[in-house]
Amino acid sequence: MLNYLWAGMLGIGILWAALSGTMEAVTNGVLDSAKEAVSLSITMLGIMSFWCGILKIGEEAGLIGRLSQKMRPVIRFLFPRLPADHPAAKHIAANMIANVLGLGWAATPAGLKAMEELEKLEEERRTQECGSKTKKLAVPRGTASSEMCTFLIVNISSLQLIPINMIAYRSQYGSVNPAAIAGSALLATVVSTAVGVAFCRFICSSFDPGKAVGKN
């Protein structure tokens, strides 16, 4: 849908430029934007590579593992049905740590791994409950589980202590004080995370998984 939307906007813009005789300005704008996009990509690639390397060093040194253990109470609160020491917990913790540091791009691989592990968990639940007479806890295949929805909301709200990406963007575009946004970003993400967590706990506490698949 977005592809059609952007293509339509570009088409309308080019058509209007042709009718109004401003094709030269459009051409110059396209060239300038392409140059700026390449420059910004190189800048962000360097920053992302640096912080991804820091995270990798922390993982190899066991720091991520220790932080994940420290975050167990938080993980248990957010995901009460997630089994203890499940592989998804480590990836969820790594994703949350990266987001707290404002490294949304670096958080993506851990987030994808977490989703894969949560899907495996649902498949295990479906297998265990096959033919069971008890109330089922798994959701139908192709449906997001409560853990998946909670993780997605927490990932999107993403509490950020240091908005590295935003600071890098502001620096690239000539901001006098790129880090000035840190305080307001922290306040905004504290509110968004608190609202997201409250919503997840309310919905999960009132949701009965057995209703999603019925009873035998």
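For the structure, check the block above.
Residues numbered from 1 in each chain as written. Predicted model: local features only at pLDDT ≥ 70, side-chain atom pairs only at ≥ 80, totals over all residues. Heavy atoms only, no water.

1. Looking at the overall build of the protein
Okay, so step 1: Counting its secondary structure elements, the protein contains 10 helices and 0 strands.
Okay, so step 2: Starting at the N terminus, the α and β elements of the protein follow one another as α-α-α-α-α-α-α-α-α-α.
Okay, so step 3: Expected size for 216 residues packed as a compact globule is a radius of gyration near 17 Å; at 22 Å, the protein overshoots this value by more than 25%.
Okay, so step 4: Along the first, second and third principal axes, the C-alpha atoms of the protein reach 75 × 45 × 30 Å.
Okay, so step 5: The 216 residues of the protein split such that 29% are buried.
Okay, so step 6: Long-range contacts, defined here as pairs at least 24 residues apart, represent 66% of the contacts in the protein between residues at least 6 apart.
Okay, so step 7: Counting only carbon and sulfur atoms, one obtains 69% of the accessible surface of the protein, whose full area is about 13600 Å². (Helix = DSSP H or I, 4+ residues; strand = E, 2+ residues; numbered from the N terminus. Rg over C-alpha atoms; globule rule 2.2 N^0.38 Å. Buried < 20%, exposed > 50% of the residue type's maximum accessible area, 1.4 Å probe, protein only. Contact = heavy atoms within 4.5 Å. Areas by Shrake-Rupley, 256 points an atom, 1.4 Å probe, with all protein chains shown as cover.)

2. A few points about the nonpolar core
Okay, so step 1: Of all hydrophobic cores here, the largest spans 25 residues; its most connected members are I75, F79, L82, I92 and M96.
Okay, so step 2: Where this core is concerned, the elements lending two or more residues are α4 (72–78), α5 (87–100), α6 (104–129) and α7 (146–157).
Okay, so step 3: With sequence-adjacent residues up to four places away left out, I92 is seen in contact with I75, F79, L82, A114 and F151. (Core = buried A, V, L, I, M, F, W, Y, C linked by side-chain atoms within 4.5 Å.)

3. Brief notes about the packing of aromatic side chains
Centre-to-centre distance and the angle between the planes together describe a pair of aromatic rings.
Okay, so step 1: Throughout the structure, instances matching the rule amount to 0 aromatic pairs.
Okay, so step 2: A cation sits over an aromatic face here: R201 above F77, 5.4 Å from the ring centre. (Phe/Tyr/Trp six-rings, centres within 6.5 Å; stacked < 30°, edge-to-face > 60°. Lys NZ or Arg CZ within 6 Å of the ring centre and 35° of its normal.)

4. Quick look at the packing of helix α2 (residues 23–60) against helix α8 (residues 164–172)
Okay, so step 1: Put simply, α2 and α8 touch, their axes get as near as 10 Å, and they point 145° apart. With respect to the hand of their crossing, α2 and α8 are arranged in right-handed fashion. Packed against α2, whose contacting residues are S39, L40, T43, M44, I47 and W51, the element α8 presents I164, N165, A168, Y169 and Q172 at the interface.
Okay, so step 2: Per-class residue counts for the contact of α2 with α8 are 7 nonpolar, 4 polar and no charged. (Axes fitted to C-alpha atoms, helices over the stretch in contact; angles between N-to-C directions. Left-handed = near helix turned anticlockwise from the far one by under 90°. Nonpolar A, V, L, I, M, F, W, Y, C, P; charged D, E, K, R; others polar.)

5. Remarks on unusual backbone geometry
Okay, so step 1: Phi is positive for S158, close to 35°, though the residue is something other than glycine.
Okay, so step 2: With respect to the element layout, S158 can be found in the loop between α7 and α8.
Okay, so step 3: Residue S158 is classed as buried on the basis of its relative accessible area of 10%.

6. Some thoughts on the side chain of S146
Okay, so step 1: If you trace the backbone, S146 turns up in helix α7.
Okay, so step 2: The buried category is assigned to S146, whose relative accessible area is 16%.
Okay, so step 3: If sequence neighbours within four positions are ignored, S146 has contacts with R81 and C204.

7. Notes on α8
Okay, so step 1: Here α8 has its buried residues at I164, N165 and A168. Projected onto a plane normal to the axis of α8, the buried residues spread over an arc of 100° and lie on a single side.
Okay, so step 2: In the stretch just after α8, G174 is the one whose phi turns positive, near 85°. (Arc of directions from axis to C-beta.)

8. Quick look at the pattern of salt bridges
Okay, so step 1: Per the counting criterion, the structure on display carries 4 salt bridges.
Okay, so step 2: The salt bridge involving K120 is made with E117; its shortest N-O contact spans 3.8 Å. With K120 and E117 both in helix α6, this residue pair falls 3 residues apart, about one helical turn.
Okay, so step 3: Note on E117: relative accessible area 16%, which makes it buried.
Okay, so step 4: Here the salt bridges do not stand alone but share partners, grouping R81, E122, R125 and E147 into one network. (Salt bridge = Lys/Arg side-chain N within 4 Å of Asp/Glu carboxyl O.)

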